[in-house]
Structures are given as structure tokens and as C-alpha cells.
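Below, each chain spelled out in residue letters.
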Amino acid sequence: MAPDAAPTREGEAVLKVEGLRIVLDPSGIDIDDDVSLVIHRGEVLGLVGESASGKTTVGTSLLDYQRRGAKIAEGRVQIDGQDVLAMDQRALRGIRGGRISYVPQDSSAALNPALRIGTQLLEILEVHGFGSSQQDREERLAQMMGEVLLPSDKQFLRRYPHQLSGGQQQRVAIAMAFANRPKVIVLDEPTTALDVTTQAHVLDTVRDLTRSYGVAALYITHDLAVVSNLADRIAVMYAGKVVEVGTRDELFDEGHHPYTRKLLASIPDITGQRALRGIPGWAPRPGQRPPGCAFAPRCDWAVDKCGEAFPPVETVSPGHEVRCWRQQEVGARGSVLQAEAGEREAVLMPEDDEQVISVRNVTAFYQHKETLHGITTSVAQGHCLSLVGESGSGKTTLARCIAGLHPHKIVGDIEFEGKPLARDARDRSRSIRQAIQYIFQSPYSSLNPRKTIAQILSQPLKVFFDLSRDEMEDRMVKVLEQVALDSSLLSRYPDQLSGGERQRLAIARSLAAEPTVLICDEVTSWLDVSVQAAIIELLAQLQRDMGLSMLFVTHNLALVRSISQEVAVMNDGRIVEYGLVDAVLEDPQADYTKKLLSDTPTV
Amino acid sequence: MPPLLKLILIRIGLGVLTLLLVSVVVFVATQALPGDAAKAILGREAANKDRYEAVKEQLGLNKPVLQQYVGWLGGVVTGDLGDSLAQGSPVTGLIGRRVVNSFILVFVAALVSVPVSLILGSITALRRDTKFDTGVTVGSLTLAALPEFVIGIILILLFATQVIKVMPATSRVDSGLPILQQLELFVLPALTLTLAVAPYITRILRASTIEVLESEYVMMARLKGLPERLVLNRHALPNALAPALQVTALNLAWLAGGVVVVEYLFAFPGIGSLLVDSVANRDMPMVQAITLIIAAVYVVANLTADILTILVSPRLRTGLR
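## What about a nonpolar patch on the surface?
Right, so step 1: Together, Leu146(B), Ile154(B), Leu158(B), Val163(B), Ile164(B) and Val166(B) give the surface a local cluster of nonpolar side chains, amounting to about 490 Å² of exposed area.
Right, so step 2: With respect to the helices, strands and loops of the structure, Ile154(B) is situated in helix H7 (residues 148–159).

## Let's talk about the sheet that holds strand S19 (residues 517–521) of chain A
Residue and element names in this part refer to chain A.
Right, so step 1: Read across the sheet, six strands follow the order S18-S19-S20-S15-S21-S22 without closing on themselves; strand pairing throughout is mixed. A single partner strand is all that each edge strand has here, and the edge strands are strand S18 (436–439) and strand S22 (574–580). The sheet shows a mean angle of 15° between the axes of neighbouring strands, direction not considered.
Right, so step 2: Summarising the sheet, strand S21 (residues 566–571) and S22 pair through six bridges and their orientation is antiparallel. The residue of S22 that forms the bridge with Asn571 is Arg574.
Right, so step 3: Across the sheet, helix H14 (residues 395–403) is in contact with strand S15 (384–388), S18, S19, strand S20 (549–554) and S21; its angle to S20 comes to roughly 150°.

## Some words on the domain arrangement of chain B
Residues and elements named next belong to chain B.
Right, so step 1: Here chain B is partitioned into domain 1 (3–77) and domain 2 (94–319).
Right, so step 2: The gap between the C-alpha centroids of domain 1 and domain 2 is 31 Å.
Right, so step 3: Facing 23 residues of domain 1, the contacting portion of domain 2 comprises 15 residues.
Right, so step 4: Across the domain 1/domain 2 interface, buried area totals approximately 1700 Å², and carbon plus sulfur atoms make up 78% of it.

## A few points about the pattern of salt bridges
Right, so step 1: Under the counting rule described, the total for this entry stands at 29 salt bridges over all chains.
Right, so step 2: With its nearest N and O atoms 2.7 Å apart, the salt bridge here joins Lys224(B) to Glu123(A). One end of the pair, Lys224(B), is in the loop between helix H9 (216–223) and helix H10 (228–265); the other, Glu123(A), is in helix H4 (residues 117–127), on a second chain. Across the pair, Glu123(A) and Lys224(B) agree in class, each one buried.
Right, so step 3: One salt-bridge network, in which partners are shared between bridges, spans Arg21(A), Asp30(A) and Glu74(A).

## Quick look at the interface of chain B and chain A
Right, so step 1: Taken together, the contact pairs 23 residues of chain B with 29 residues of chain A.
Right, so step 2: Of all residues in chain B, Met219(B), Leu223(B) and Lys224(B) bury the most surface against chain A, accounting for 27% of the area lost on that side.
Right, so step 3: Applying the counting rule to chain B against chain A returns three salt bridges.
Right, so step 4: In this structure, the salt-bridge partner of Arg68(A) is Asp129(B), at a minimum N-O distance of 3.1 Å.
Right, so step 5: Between the two partners, chain B and chain A, sit twelve residue pairs in polar contact (both at pLDDT 80 or more).
Right, so step 6: Mapped onto the side of chain B that touches chain A, the elements with two or more residues apiece are H9, H10 and helix H13 (314–319) of chain B.
Right, so step 7: In terms of residue count, H9(B) provides more of the side of chain B that touches chain A than any other element does, six residues in total.
Right, so step 8: A class-by-class count of the residues in the side of chain B that touches chain A yields nine nonpolar, four polar and ten charged.

## Here we look at empty space enclosed by the protein
All names here are of chain A.
Right, so step 1: Applying the stated criterion across every chain, the model contains five cavities of 30 Å³ or more.
Right, so step 2: Taken as a whole, the largest cavity holds about 80 Å³ of empty space.
Right, so step 3: Every residue lining the largest cavity is counted, 14 residues in all, and those nearest its centre are Pro258, Cys293, Cys299, Cys306 and Cys324.
Right, so step 4: Its residues assigned to classes, the lining of the largest cavity comprises eleven nonpolar, one polar and two charged.

## Points about the nonpolar core
Nonpolar side chains in soluble globular proteins tend to end up buried together.
All names here are of chain A.
Right, so step 1: If you look at the biggest cluster of nonpolar residues, it comprises 64 residues, and the most contacted ones within it are Leu224 and Ile234.
Right, so step 2: A per-element tally of this core places helix H7 (residues 166–178) first, with seven residues.
Right, so step 3: If we skip the residues at most four places from it in the chain, Leu224 touches Val48, Ile234, Phe252, Thr260, Leu263, Leu264 and Ile267.
Right, so step 4: One finds Leu276, Ile507, Leu539 and Ile563 within the second-largest nonpolar core, a separate group that totals 42 residues.

## Some points on the packing of aromatic side chains
Right, so step 1: Considering all chains together, one arrives at eight aromatic pairs over all chains under this definition.
Right, so step 2: Seen from their ring centres, Phe186(B) and Phe268(B) are 5.3 Å apart, and the 80° between their planes marks the pair as edge-to-face. Here the residue Phe186(B) occupies a position in helix H8 (residues 184–213), and Phe268(B) occupies one in the loop between H10 and helix H11 (271–280), the gap between them amounting to 82 residues.
Right, so step 3: In textbook terms, an aromatic cluster arises when at least three aromatic residues are bridged by ring pairs, as seen for Tyr238(A), Tyr259(A) and Phe295(A).
Right, so step 4: If you follow Lys409(A) out to its NZ or CZ, it ends over the ring of Phe365(A), 5.1 Å from the centre.

## A word on the environment of Val84(A)
Residues and elements named next belong to chain A.
Right, so step 1: Assignment of secondary structure puts Val84 in the loop between strand S5 (82–83) and helix H2 (89–95).
Right, so step 2: Taking the relative accessible area as the measure of exposure, Val84 reaches 1% and is therefore buried.
Right, so step 3: Val84 sits 112 residues away from Val196 along the chain, and the two C-alpha atoms are 35 Å apart.
Right, so step 4: Discounting chain neighbours no more than four positions away, the residues touching Val84 are Leu62, Leu63, Asp64, Val77, Ile79, Leu92 and Ile95.

## What to know about the sheet that holds strand S1 (residues 13–24) of chain A
All names here are of chain A.
Right, so step 1: The strand order across the open sheet formed by four strands is S2-S1-S4-S5, and the pairing between neighbours is antiparallel. Only two strands of the sheet have a single neighbouring strand rather than two, namely strand S2 (30–40) and S5.
Right, so step 2: Bridge analysis of S1 against strand S4 (residues 70–79) gives eight bridges, and the strand direction is antiparallel. In the strand pairing of S4, Val23 is matched with Lys71.

## Focus on helix H5 (residues 91–126) of chain B
Right, so step 1: For H5(B), with 36 residues, the first-to-last C-alpha span of 50 Å sits near the 52 Å given by 1.5 Å per residue.
Right, so step 2: Along H5(B), the helix axis deviates most sharply at Arg97(B), where the bend reaches about 25°.

## Overview of the confidence of the model for chain B
Right, so step 1: A residue-level look at chain B finds 98% of positions with pLDDT of 70 or above and a mean pLDDT of 85.
Right, so step 2: In the model of chain B, helix H2 (residues 37–42) of chain B stands out as the element of lowest mean pLDDT, 71, in contrast to H9(B), which has the highest, 95.

## Points about the pairing of strand S16 (residues 410–416) of chain A
Two faces, one strand: in a regular strand the side chains alternate between the faces of the sheet.
Residues and elements named next belong to chain A.
Right, so step 1: For S16, the tally of buried residues reaches five of seven residues, placing the bulk of the element in the interior.
Right, so step 2: Where strand S13 (residues 355–366) lies against S16, six bridges are found, and the strand directions are antiparallel. Note that in S16 the partner of Ala364 across the bridge is Ile410.
Right, so step 3: As paired elements, S16 and strand S17 (residues 419–420) share two bridges and run antiparallel to each other. The partner of Glu415 across the bridge, within S17, is Pro420.
Right, so step 4: Between the end of S16 and the start of S17, which pair antiparallel, lie two residues, with Glu417 showing a positive phi angle near 50°.

About the cut-offs
Residues numbered from 1 in each chain as written. Chains lettered and ligands numbered in written order. Predicted model: local features only at pLDDT ≥ 70, side-chain atom pairs only at ≥ 80, totals over all residues. Heavy atoms only, no water. Patch = residues over 30% accessible without salt bridge, like charges linked within 9 Å, V, L, I, M, F, W, Y side chains within 5 Å. Areas by Shrake-Rupley, 256 points an atom, 1.4 Å probe, with all protein chains shown as cover. Salt bridge = Lys/Arg side-chain N within 4 Å of Asp/Glu carboxyl O. Helix = DSSP H or I, 4+ residues; strand = E, 2+ residues; numbered from the N terminus. Pairing = 2+ DSSP bridges. Axes fitted to C-alpha atoms, helices over the stretch in contact; angles between N-to-C directions. Contact = heavy atoms within 4.5 Å. Domains from an automatic or database assignment. Buried area = accessible area lost by both parts, 1.4 Å probe. Buried < 20%, exposed > 50% of the residue type's maximum accessible area, 1.4 Å probe, protein only. Polar contact = N/O pair within 3.5 Å; in protein donor to acceptor, adjacent residues only side chain to side chain. Nonpolar A, V, L, I, M, F, W, Y, C, P; charged D, E, K, R; others polar. 1 Å grid on protein atoms, 1.4 Å probe; cavity = no way out; pocket = protein on both sides within 12 Å on 5 of 7 lines; lining within 4 Å. Points joined across faces, edges and corners; volume = space filled by probe spheres on them. Core = buried A, V, L, I, M, F, W, Y, C linked by side-chain atoms within 4.5 Å. Phe/Tyr/Trp six-rings, centres within 6.5 Å; stacked < 30°, edge-to-face > 60°. Lys NZ or Arg CZ within 6 Å of the ring centre and 35° of its normal. Expected span 1.5 Å × (residues − 1). Bend = angle between axes of the 7 residues up to and from the residue. pLDDT = per-residue confidence, 0-100.

What follows is the structure, given as C-alpha cells:
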């Protein structure tokens, strides 16, 4: 999946952004400041940063669009020398969807649920006066659908968005964006909500179309791995400022900003050569950003000067620019991946391999439909088994069957420490419920927003243990410590925490029950890559220190190496491959595993 | 059978069941009222035991309750709502013209309030936080807080008495004259009803429009370069309408019941004022008939709203299969 054309830096600059500043309205607090970017014809620029770094705000401002509560305070956005921000409404409408177009993050929300996709596709051609007749436009539409590998027959075009799969919806959005042969295209995390296989297809499509149409593309993402094979150049944003920009190789091989290097080190490595290193803390939101360099509080290199003033732009080599007071020293450390991450410690293989959970010939139904077909697998004491598969593969269903949370029919044997488990968690004894704890996918909906963190943590303590107030307090402080959260948070509410902190809290809640088995259901899929790495580090450490047995459910094969001993690859309700992690990843047998491996983005 | 038709048939069946339950409740309730029709008809003469018993016998009030109910229900099914106890003539004849009057009243009120609130609701949403929006919000909240008879009295004071005397204070529609010749009698009662329901519909439509305007598909429509007119008419408003439909239906159904107080206030000869009189006279067949009509309006309004909601929501429509 290497880029098949040389970087086109020498080409003409199509898009030029200069000194863009976007503020919250009316408070005037900066969301983005001093953002300058250049994209050339046929070039893909990756705009990378964690949540709250202001990437999306930059993306929509290229079309002079801001959400309610934000406005562009200063700066210029030029397409072919014309300033977009200086245009009147009429001219602006003319270029939006025409010369510059936008692909949204979540096309299931961005396509109108009440309109047929044919209508939504045709209207962008109609309002921009594409071709001279309706027939021209319909031909163009058919051509676009072909290019994104979707059918273009009447029946398909008459469908509503909800009748398409997530991948198809995203392709419709991409077809829409390329319809009027734009000069510039803004892609805002268009693959975040997709499975790896679908993501790989969408990335291929984007790459082909930008090349063949000579479009200048801005690709926004929090995941450097996604753009590593797509972008010619990458701009790294932190707290509303571009801190480093350069070619893919310049950044990956000799990144001069500590943040760039940390972001790279947090990408899970499917080859298993380097360790996974998260970035502690989180990116500060507008209004909470410290003075000077906003990254200083999370930076190992920070000196006093960093807290005082934001560094000026320094040129490492032509086209490679960085904003860090210590960039020379940082850059001198050489190859990012080796220097920052170091070698991976092998995941320990505990000797005691008594089965804690064993599943034999389990078939499960959703209403009357069979969704799991005769699953047999087990988790050994102190081991972590990863269940990997795409959405609909049955991995979460299996996890829920074990946890006693599957509300439909289950046939087969599920045992815990050699004793059969009741199907429904409510029919299980208290000690069993205590021993098997579940961590949910979304830390945004798994924590009751009306309860303080102390109340949330005291719940399992009250149910499972008979403790005095002081003992309870001590236990809460202890579990918070285990997940690296401060005990001063006890009186706070979940919505005062960042996504990563919320997931730590959810983990702390499970740990409070002092479980034997921890079931983690896609626990990092809602988090930034940098935060994901930190959570994986934490879980791996907990497993090591406490001898926990774990079932780790994920769609991301690359994560598996950093946490588990065994892996089961699932597809269509069956385990298609099972084995030790290194064996499966290095020498996959099943075609499905091979496909998943090749579709997983790597750096 | 097409799925939508099947759904409609099921809902009509459920509607009939609802009406049946309503008739039982009303029948039981009328039995629980102190005094009976014979006493109401005879007045003081009810002291005369023989006459009282004779009237009761004549009215069929001596039969077991269940038999009275079944007999009445059988009549309803065959189109015979029984005779009015107070006036002695068939209920159908007595309420016919009044149903028409009330229907016209409610229809006019709906015809004015629905479009006005839809327009006000969407404009306030589009001009959110402007003076216009604030004004409409304060106005509609004030109106929503006032009971409809207070609104009626204020209107009478303003337009029919001291201030500007352009309208009649009472609306005694003459059943002998064509309605077109006495349209002015409908103005104030209809206006009262309009002011009573429009605030609710306006508020809900404002809220749903705001939600839709903040949606990603409206943002996408703008980023596609669509003219604002198309963004609103094609992308925003149709999606905002669905949640407003249910509230509109409930409010229109409420109109049918809400006319009671307003008709009484304006001495308007509709089913509302007739219902009040009939309760006072213990005229059970009349009370039963009118309550059933009002209940039927509720059932039909909700059914219509549900069907419309399905028609404007492709997800529901395609989900029927």
C-alpha cells in the first residue's frame, strides 16, 4: 500500500491558508490560532491531532463555514488565488460543493434521512449547473457511482440512507464530494466509524480519486496510521496550532516535535516490534489551554521557557517546519519509532494455565436468528484472549453470553472455574457476579451522569463487600490509584472528565469488585489513538500485576499484540482462526485473518 | 395486503375498541351521578312516588344497568342514539345541527392556528435569539399560561364591549338561517380556540426546527452550496414537521373537547354547550352520544397523525415491510 506516485510538492499550490484564527463567539477564546497550510495539486495533506485540537474547525473554515458559537476572526483561505473568506454569500454558495467540497465524519448523520440518495446526489450537480441537461447530470452521477464502486441503477438511487450500510453511505458522501470535479476536498475523519476492511476500501477510493482528478485534499484524522499510506505531507495540530508540518517520511523518520513523536509511538504496531506508548493526559479544550506551548504539561522535554512563550516557526529543511523550543535536540534523537517506543516487552506467558472460562459448542440466537454457531474456546488463568472481528462477527455477542448479558436463547456450555454458569447474570450467585466484570464500549453512556465518581465507585463495594465508611473510602482511593486517576476526583461528575479518564473510571469500577475475569468490550474504540495506547498499557499492567484473566474484544487486530497471549479471529458467528498471538499474526492460516491483516493500516 | 393498509386497519380496530371502553366508562360514570333523569324531568313533582315510578318505567330506568347499556349500544351500532330524556325526541335529530356548528368552529380554528403556528414556529427557529423570536416566545408562553375562558373574556371585553365594539358578544347561531349569513358569530369563539392551541404547536415546531437546523445533514446541505431556500424547504422543514405532527393532532383533538367551555362562554349552540346542559339534566343518552363523538375525534386525529408521521418518515415507511 505504498504511495504509487512521488510527492507532488513542486506542483502548483491550489489551496493556501494563512494566519487563520477561529474563536468562540461571543467569548473570543481561541479555538485555532495562526494556522497556515499549503496544499498542491494532486496532493493529500494529513491534518492530525487529538480530539479538541481544532482540526475539524479548520476543515470547515476552508469552506467559510462555522458551527453556531464559533467564528473566523482573521486569516485568509485562498483557492487558486481567490480569498474564500472575503466572498459574499452568493459567491460562497457557488464554490461550496463546486470548487471545494467536504466529506463528513459520520455520513449516516450527514445524509438526509428523508431524502432518497439519488435526490441528494443529483441536487449538488443541479445547483452548480453541471452539464447542460438533466441527461448530462445523470450520466455524471452514474460515472461517480461507478468510481466509488456503487451500483447506479434506478433502484439503488431510490434508496434512503438507512437502507445502505455504513461503508455505502460513506461512498455516497465521497461520490457527492467529487461530483463537480472540485479543486479542493476536505475529508473529516471519513473512516472513523468504519470497519478496517471498509476503511481500506474507502482509503483506496480517496487515493485513486485525488490522484486521477488532481485534487488538493485535506485529510483530517486523529490516527496517524490511517494517513501514513495516503498523505504526501502531514500537519500535526495541538491545541489549535500547527506544531509541525513536513512530508510523511520527514515526520515519521525524524519528527522534530515531541508531540509528533508521541503520537507515532501510540500507534499500535501489528508487527509487534515496538512497545505501545500512550500520551499521558489529554489535549486541552479551548479556554483551558495553558500559556506558552500548550503541550508543555504533557511533554518530557519541557523547560521553563516552554510555559512562557509559544515558539516561532523554525525550518528544519525546506517544507519541514516545526514549532518547539528544543526541536534540534528532539530531532537529534533520530528515528521516531525506535527512539520513543523502544522494543516491545514480550507479553508474559503465565505458567499456570488452568481454564477460568470455558465455552463449549455455544450457539446463540438473536430473537429467532442464529448469530453464533457452535463456538468453543477458553480463557486460561492469568491469560488474555482477544476476540477480533468486524461488526456483526458475533464477538460482542460471545462476550455478553459469558457475562450473562445476552437476553436471547443460548445453547451449549459456558463454565467458570469448572462450574456451569447460569445464562442470565441475575440468576448467578453474588460471588460469580463479583468475579466476572464487564467494561463497556462507550465510557460516555456506561457511567451514570447524575452520580458522582464516589457514588459510582461505591456501588460495587456496597453490593459485594461489607465495609465501614473509612474502608470504603480507602478502597475507592486505591482503585483510582490503580488506574492512575487522582483521588480528588471523587466528588466530581463523569461529564467533568475527558473520554480517556472516563474509561479509566469504568475500569476502576470493575476493579473495585476485585474480579477474577475482566471482559473488555471494544473499550478503546471511542478514544483517540494516543489515549487508546494509554488504556492498553494500563490494562496490560493490571493483568500482569493482579494476575487477572481477560477477554479483550476488539475490531483492531493491531492492538492484540500489546495485550493478549491468545487470539480468536471471528467472522459470521464462527471462530475462523485461534492460536497464540505471535503465531496467528506472523503466519495466519485463514483467508479472513490474512485479509484483516492486510487491511489494517500500519506505519 | 399493503403494510400501510394493514396498519391502518389494525389501528381502526383499536380505535373502535377505545370507543367501546369510553362508552363503558361514561355509562358507569352517569350511573354514579346523584339523582336520575326522572327526578330531573319531574323537578318538585318527583316527591310524588307514583308519578316518579311511572316516569322511570317509561324511560327504562328500572331495567338492570347491564341491560340498559347493551340496549343502548345496540342502538348506537344501528345508528339509533336513543331518545333524549329531557326533550323526548331522538338524539340524532337534536345534535345534528350542533355537531355541524361545532365542527365548523373547530375547523376554522384549526385552519387558522395550524398554518400560523407552523410559520411562526419555523420563523422563530430561523431567527433564533432575535427580538422577534423573544417576542413570540413571551407571547406564546403568556397565552399558553391563560385558561381559554380568560382569553375568551378578554376578547369579548376588547372587541364586543367597551373598547371596540365590532363583534357580537354572544354567538347565538340561528339554526333557521344559513351559516354563511352569520359568519361573524364564529369569529370570536374561533379566535379564542386559535389562541389557546397555537402557542403549543408554535413552541414544539420551533424546538424541532432548531434541532434539525443544527443537524449534520443541514450543515452538509449548506456545504454542498445549496441555496438557503432549498436547504430549508427540502432538507430542514420536512424533517422538523414529523415531531410536530403528533402535538398538532393532540391539540386539534383537544379542540373538540375544549369547545365545551368556550361554547358555553359565547352561548354558542354546539355540542359543548349541549353537553353541559345534558349533564345538568341527567340526559344520559345525550351525554353518551356527545362523549362518544368527542372520543371519536381524538381517535381519528391520533390515527391521522400516526399515518402522516409514517408517510413523512422513510425509515418508518420502509420499516413496515
